[in-house]
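# Inside the fold
Here's the letter readout for the chains.
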Amino acid sequence: MIRRPKVGDTEQDLLAFQERFLVSRGSPSASVVGGSKAGDKRPPITRSVDRDVVRLRTSGATVSSPLEEVHRPTKKSKFKEKRDQTRNAVHHEDRVLMEEEEEEEGNEEEEEDLYEAMDRQDTHITKVLAHIQEHDLSPAPPPAITCKAKYGFPLVRRLEQEATPMDPAPPTASKPKKSLFARQFESHTLDYFGVELMQGDLGTPQFGPIPKDEVNPISVSSVAHAEAGEEEDDGAATDRSNFASDASHTWNTFLRSTGGVVSGEGLIGSSGLTPEAARQEVSKMDQENARWLSQFPEQEILEQQEKIKNTLGASTLAFLQARRKKVSGSRAEGTRMYTRRTGEEGNVQKNDGGMECDGTRDDAMETKMDTKIDPKVENRIEEKAKMSEGTVAPEGWLHMDVVEKEKLEWTCEVPMDTSAFQKSPKEVRFSLEGLVIPRGVNIPIHLGLHHHGDEPEAAGYTLAELVHLTRSAVLQQRVLALQALGHIIQRATLNEYGERVEPPVVHTLLEAGVPLLLRYSLDEQNEAVIGATVDCLHAILVSPLEEQLLDDYCSCYRGSHLPALRPQGSLWGGKRQEKDREEEEEEETDAIAMQRDLVEGLVRVKLLPRLRYILEVCRPNHHVVSAILEVLTRICRHSLQAATEVHISLIDILTRILFSPKRYSNCPRLMNVIFEEFLPITWEGKSEVGTTAYRKPHPLAMRLVRTLASAGRHLTSTLISRHKLMDVILRYVVPHPTDMELPSHEAYALGDEGLRTWGVALGYGLGTNAFDGTYAMFIKQLQSMASACLGHMGAPELRRAAAMIGVMECAVDVAGCAPNMLREEGSSACIPPPSLVWSHASGLLPPALHCLSAWLTNMVDGGMELEKILCLSRLLHLVATYFMKHSEKASGSSVEMLQLADDITSGPLAKLTSSPLFTSLLESLRSSSVLANASHWVKRDPPSLPSHTHLLAAPNVAIYGQPCAERSDLSQQGRVESVGVAIINIFHGYLRLCFALVQLHKGLLDKADKEKREEGEEKSLQPGTTDHYKVLTATAILNSPLFQDYLEAVVLSHAPTCTQVCFMVSELELLYLAVKVFMLRLELHRDATKQPLIQLYHNLAFRVLSLCPQGMEYHISDLITGVIWHPYMFCELSSGAGSVVEGDIGGLSLRDPPSSVSKDVTCPPSSSSILSEAFGRLCIVPQMYLKKFQEVCYAKQAVERSKHQLLCHPLLVDSVMTPPISSAVLPSEWILLPITIEYDNSLKPGAHRSSGVQPDCVAMVTTTLQTLFLLERLRPNAIRELPLGAKLARLLCVFLIDGELFLEKDVHNALSVLLRLYCTSEMQERLDFSSPIPGLVSFYDLYSSVAAQFAAVSYGDPLFSSYLILPLQQRFSLLLRRCVWDEHPTVLRVFSLPLQQCPVPVESFLYPVETDPVQLELYMAAIASGSVRPQWCPVLYLIAVHHVHSFVFSQNNEGTAPNALQRKLLHGVSCVKAEETKRHLLFYAGPLADCSLGFYLNPQLSTLQDAMINTLRQTPSREMK
């Protein structure tokens, strides 16, 4: 016997098996049947697919290839076929019914399983988009399915079955010979062929008797005329002249003249309406049309008719007329056949005008028609009506045995929308303009908002339907869907939907992968699809309001210093190694990359080469070009890497191929196209706006270049060297805007962007030669601005002036810092000195001061126009920059500069401070603040697409049918936001100038204060006053009540939920300067009576410190070094204030302070002594915190970069794009950060020390604890954002750092006073261990470690016990109590805290009574085993006795039997061997502090308790187990 082949057999083994089988001549188990039979002489059939069919003898099954099976016809005789049909005729009907039932059941099961599997596993985009729902309140009834036909095909009749003689008439010339089928067809009715009369339009050729209700008067008249072939005669013309009195006649005449194009006859049988409803609709249309036509003269109707014919064109008109003739001929032929069969052809009579008669003749005709209807036909009509109501098809229909309702629903009428009455949420629907369509709104169908979707009765499109429509095969549908998506996204970006649509639209679309679909759509060649796709992509990436705010912000000081918009999960710019980034990029798909970082994902799918192709080859219109330029600008704002991808050239590509081949994009020539097509130096004359964007300057292209330059010094240098950027800028800046042969607004915008780009280049020390060549132009511009009145200058001129002043300010930075940089860095060989020198800056100061004085003199009103504020702020910053750079120069201050500072203080500053504008600005300062109004922010940015601004509240929600807010209103609201930013900026410039002047001339403060002392009174600044000595001081604004109100609002405001707002950085710098100016004043004149003002600015310094984002590391270092821990800021601890503080703190001790087992601790510390020690350690606090901050928060290099940015050192700035603002630099628990770092170090392997605690560790922990207590008592607002639970968690870490650290005297004393502070009733109300603790994953794990440490090293220390017992209060988690009583039972033996030293009232551990069975059993087990006793753990013993007794006796109501747990615990009480303990459990009465046990006992048991004990004695012991 030959074995079967196995898996491991090789080809040689198979050949050996075959040879052995052939030798044995055995019969095969399978045979090939693909060939022809023996004896079959027919030629073989040629197949398109050659394959063999193998039949297994054992099973008889056929195994075929997976290709489509092709059967060969079987040769059978006709006699055999007839015999088989006769044999199977008996069982045919039963077999068919059984097969139909089985097929239906199988289809239902298969269909149900298929849909369930798809629902479970579907992750398609439509599945994700379906989650956007809207609450609806109405159920929609299922549509009725009706059947319109009975048979699929006519019956076939044979000639030998014919019983009726046919027409034997011979053929003639007019009547040719007819075929047998035609003669047979004419001699029989339709019922003979099995065709039933269908209810429909008479315009369709029909044969057979027509019911009377099917006749359309208008159609019959048309048929009659067509049959008779008559033309209009004079009678008809006479009737038409009287059309005002006979509307029906006029309408019929109009139909004949227009060819029936608008007759409405197509509504019958083909519009989804029932026949009766269709006839009513046609009649209503006829009446309405006749009524409207009767109101117009005949001449106007004929003119409009002729106009329509001319509009349609000759070919279209000929087609419609030919179609009308064909339809009319078919009708006439059908009418003749009908009248010939019924014998009623003569009943259709004509009047004189050729129209059929009305009245009795029509009734008579209808009566005769009724009498001639065949009874069989009438029965079938009734059967058809019944069939239309049901869903069962008659027998004999081909493939119609199963009615598919889903495929017929679209032919029915649109059901009524009842979704408004449903309580279940529905997917929100939008109009094509992006408006939300509420459920239940009655919207006409002709508006085009209904479609054949899942809810045909509901108007509008869901997001899933629109996304599905974007991949339609119809071009118009794709364009329509993309445009609708663009409108929806744009409205969502503007927050016009509010909270009506949840989750947010943009979030859902990004998660569903819509950007990837847009990338696919962008590959099409159709211009309309490309334009709609670009608009949709532009709506996702670009916000119009954000662009407007950023454009206004660029006119402010350091307006180009924007943070990068790189998400936290981005692989670009992170700390990962290049190899790790490449591995992660290879593993994830494009869709996942877009969900993590949208811009990075778009660059990865080669969006940039496609956009370059569209700009270079497709050359779209002006609107699409503008959108592409803004999209590229948004990509450049992402990060330096993204800007490099946009700027990449052919040389860079070759370099990447050699050194880093695994990159996303290779997009050469993009910047070449930008400069050649949209930033040309020469162009033709003026052209119409929006005609073309090519070969003419485009302001958005210059904005793109400015964004590229902001990304880094290298990119700017490349733009200048390769693309001649400075030549392009000078071409747009030097000529006057009216001489540039461009539209006025484009010329001004182009010049503004060019000046801003020039300022960015000067920020790196580049482009200085161009400024040297145009130096005279800037001097002339300053002089002209000084001579012009600020109020009479227009907005474009003011913006141009602000941009030019910004360039001058950057030039002063370059001229002032170049010598310092060369001297400090010692790198003169690497950094070539710029062409600008200090003489250039000195020449700009006189015209700038003259301009400032002239503008302030002319400003007599309190107007707050945006452009005015921007110009004033830039001028103040220019003067402030000059004085700051002068003070940094090695030459120092001169007498002339001191006199100049005095003149500026008494001149321009005095005018500004006393002007009504200054008063208005102060009043608006608080409302314009970003920090003071942080709770009103609306921030809904997707995680993968951050933005620079917060969203604005929409004036009105975009709902269909309701008036929406115009885009002009939203733009005006964005302008209001810009005014707020400008107000912050002008005060920033004012304080910056004050700080520079006071640093240069400190006598300004001394002079003003001396005059006040001579007057003998202290007066604060009242805005608008003219007192010379009140406005003489540069720090007068610090005493302003309005300014102090603003500062208090900032101090007391909640922490912002999001810091990704670039305007917040400008405000933080304003507050930083306010603190610095106040510190200069405080160092010069100390005044203990100004404690509230000192406290305000000290709290403000802490607030700024906690909010500083990345890029402000130097501000943090400066505040810690010179402000935060300055002794002058703690005015309460100065002369005589310590006793007051001690009096305030003396009431903290509610109980006896815990003693210690330490030898060094002999008496409890006092709060005043701890404060004195903390005040004495302030000199070492700054360096300690700076060292710890540099270990975990930021690096030293970050401080240097921030310093260069703040002090404006252009030669050392690598990029004006700051790091992303994801969160503050310092954590919320920064005050306890040294303890956290030391605790983390103690957990490292090998960190345990063998020779006791290190002195440095003791000093650091002591300083941190004393500083914390100092702030808690004197500046509680500084750390109010840190929860009390987080503070206690960090204090528990002190016990884990080292086993003996808490026993040190200074550490022990500091922990003791903090414990007393945190155990007050006010503090305990805020204690919560269940809320998240910053920097801690699980408080339970930390507490478990503390419990284990307590059992190991505490020796029952009362202080350690007090900290350990705080989380055991009844209002906290049960897991914390189980941690001590179950996981660490050794704690019970050493927990010897006396009741008198309990840190909180003992009632917090007793109430509410414990009800958890496991915890109660733990209490009972500890009591019974003797683990807790009143001698060594009185507090824990009291807790256990109280809960067990209270649950056993007090939880049982009178008259009810005890439950199983009560009986079990009571049985445990009876089993306790210690009689004293049993007595405590039975006779416990309640807690009592004066008692030695901590509780008192009842003299005897109550009646209820006695009854329970008796019941227990009668219960068998096995029931208690």
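Residues numbered from 1 in each chain as written. Predicted model: local features only at pLDDT ≥ 70, side-chain atom pairs only at ≥ 80, totals over all residues. Heavy atoms only, no water.

### Quick notes on the overall build of the chain
Regarding its fold elements, the chain presents 66 helices and 9 strands. In the chain, 76% of the contacts between residues at least 6 apart in sequence involve partners at least 24 apart. Per element, the accessible surface of the chain, about 73800 Å² overall, is 54% carbon and sulfur. (Helix = DSSP H or I, 4+ residues; strand = E, 2+ residues; numbered from the N terminus. Contact = heavy atoms within 4.5 Å. Areas by Shrake-Rupley, 256 points an atom, 1.4 Å probe, with all protein chains shown as cover.)

### Quick notes on the state of the cysteines
Evaluation of the coordinates by the stated rule reveals 0 disulfides. Not engaged in a disulfide, the cysteine cysteine 871 finds its nearest cysteine sulfur in cysteine 851; these two sulfurs lie 8.3 Å apart. Judged by relative accessible area, cysteine 871 falls into the buried class, the value being 0%. (Disulfide = S-S within 2.5 Å. Buried < 20%, exposed > 50% of the residue type's maximum accessible area, 1.4 Å probe, protein only.)

### As for the environment of isoleucine 983
Residue placement: isoleucine 983 occurs in helix α41 (residues 967-1000). Sequence spacing of isoleucine 983 and serine 873 is 110 residues, and the spatial spacing of their C-alpha atoms is 8.6 Å.

### Some details on the packing of aromatic side chains
Here the structure, examined in full by the defined rule, presents 32 aromatic pairs. Ring geometry for phenylalanine 1295 against phenylalanine 1360: centres 4.2 Å apart, planes inclined by 15°, an arrangement best described as stacked. One end of the pair, phenylalanine 1295, is in helix α54 (residues 1284-1297); the other, phenylalanine 1360, is in helix α58 (residues 1358-1365), and 65 residues separate them in sequence. For phenylalanine 1295, a relative accessible area of 0% gives the class buried. For phenylalanine 1360, a relative accessible area of 0% translates into the label buried. With 4.9 Å between their ring centres and 75° between their planes, phenylalanine 1329 and phenylalanine 1372 make a pair best called edge-to-face. Within this pair, whereas phenylalanine 1329 is found in the loop between α56 (1321-1324) and α57 (1339-1353), its partner phenylalanine 1372 is found in the loop between α58 and α59 (1374-1383), the two being separated by 43 residues in sequence. The buried category is assigned to phenylalanine 1329, whose relative accessible area is 9%. (Phe/Tyr/Trp six-rings, centres within 6.5 Å; stacked < 30°, edge-to-face > 60°.)

### Notes on the confidence of the model for the chain
When pLDDT is averaged along the chain, the result is 75, and 65% of the positions lie at 70 or above. Within the model, pLDDT remains below 50 along residues 45-74, and this stretch shows 38 contacts once partners closer than five positions in the same chain are excluded. In the predicted structure, residues 134-150 sits below a pLDDT of 50 and forms 70 contacts with residues beyond four places in sequence or in another chain. (pLDDT = per-residue confidence, 0-100.)

### Some details on the environment of cysteine 1179
Residue position: cysteine 1179 is located in the loop between α49 (1167-1176) and α50 (1181-1192). Each C-alpha atom of the pair cysteine 1179 and threonine 1121 lies 9.6 Å from the other, and the pair is 58 residues apart in sequence.

### Describing helix α17 (residues 505-512)
The element α17 is largely enclosed, with a buried count of 7 among its 8 residues. The complete set of buried residues in α17 reads Val505, Val506, His507, Thr508, Leu509, Leu510 and Ala512. Just downstream of α17, glycine 513 is the residue with a positive phi angle, here 85°.

### Considering helix α37 (residues 866-888)
Here α37 contains 23 residues, and its C-alpha end-to-end distance of 33 Å stays within 8% of the 33 Å for a straight helix at 1.5 Å per residue. With 21 of its 23 residues buried, α37 lies for the most part within the structure. (Expected span 1.5 Å × (residues − 1).)

### Observations regarding the pattern of salt bridges
Applying the stated criterion across every chain, the model contains 39 salt bridges. Between arginine 756 and aspartate 551 there is a salt bridge, with the nearest N and O atoms lying 2.7 Å from each other. Placement of arginine 756 in helix α32 (residues 744-763) and of aspartate 551 in helix α20 (residues 544-553) is noted, with a sequence separation of 205 residues between them. For arginine 756, a relative accessible area of 8% gives the class buried. Across the salt bridge formed by arginine 558 and glutamate 1069, the nearest N and O atoms sit 2.8 Å from each other. Note that arginine 558 is positioned in the loop between α20 and α21 (578-587) and glutamate 1069 in helix α45 (residues 1062-1084), a separation of 511 residues in sequence. In this structure, arginine 558 and glutamate 1069 share a single accessibility class: buried. Connected via shared salt-bridge partners are Glu547, Asp551, Asp552, Arg637, Arg703, Arg706, Glu753, Arg756, Arg799 and Glu867. (Salt bridge = Lys/Arg side-chain N within 4 Å of Asp/Glu carboxyl O.)

### A few points about the side chain of asparagine 1039
With respect to the helices and strands, the residue asparagine 1039 is situated in the loop between α43 (1028-1032) and α44 (1041-1052). Side-chain polar atoms of asparagine 1039 contact the side chain of arginine 1081, separated by 3.1 Å. (Polar contact = N/O pair within 3.5 Å; in protein donor to acceptor, adjacent residues only side chain to side chain.)

### Details of the packing of helix α31 (residues 725-733) against α32
It is the contact of α31 with α32, at a shortest axis distance of 8 Å, that shows an interaxial angle of 140°. Our classification of the angle between α31 and α32 gives oblique. Where α31 crosses over α32, the handedness of that crossing is left-handed. Here Leu725, Met726, Ile729, Leu730, Tyr732 and Val733 of α31 come into contact with α32, specifically with Leu750, Gly751, Gly754, Leu755, Thr757 and Trp758. Class assignment for the residues of the contact of α31 with α32 results in 9 nonpolar, 3 polar and no charged. (Axes fitted to C-alpha atoms, helices over the stretch in contact; angles between N-to-C directions. Parallel < 35°, antiparallel > 145°, perpendicular 65-115°, else oblique. Left-handed = near helix turned anticlockwise from the far one by under 90°. Nonpolar A, V, L, I, M, F, W, Y, C, P; charged D, E, K, R; others polar.)

### Observations regarding the environment of aspartate 597
Position of aspartate 597 among the secondary structure elements: in the loop between α22 (590-596) and α23 (598-604). When sequence neighbours within four positions are dropped, the list of residues in contact with aspartate 597 reads Pro567, Ser570, His638 and Ser944. A polar side-chain atom of aspartate 597 sits 2.7 Å from a polar atom in the side chain of histidine 638.

### Digging into the nonpolar core
By size, the foremost hydrophobic cluster in this structure holds 348 residues, and its most contacted members are Phe1043 and Trp1125. Residues Ala709, Val760, Val1213 and Val1216 belong to the second largest nonpolar core, which totals 5 residues. (Core = buried A, V, L, I, M, F, W, Y, C linked by side-chain atoms within 4.5 Å.)

### Considerations on unusual backbone geometry
Of note, the bond from glutamate 502 into proline 503 is cis; its omega dihedral lies within 30 degrees of zero at -5°. Its location among the elements puts proline 503 in the loop between α16 (475-493) and α17. At lysine 606, a position not held by glycine, the phi torsion is positive, near 65°. With respect to the element layout, lysine 606 can be found in the loop between α23 and α24 (607-618).

### Focus on the packing of helix α40 (residues 916-928) against α44
Contact geometry of α40 with α44 gives a least axis separation of 9 Å together with a crossing angle of 5°. One finds that α40 runs roughly parallel with respect to α44. Mapping the contact onto sequence places Leu922, Glu923, Leu925 and Arg926 in α40 and Leu1042, Phe1043, Asp1045, Tyr1046 and Ala1049 in α44. Each residue belonging to the contact of α40 with α44 can be placed in one class, and the counts come to 6 nonpolar, no polar and 3 charged.

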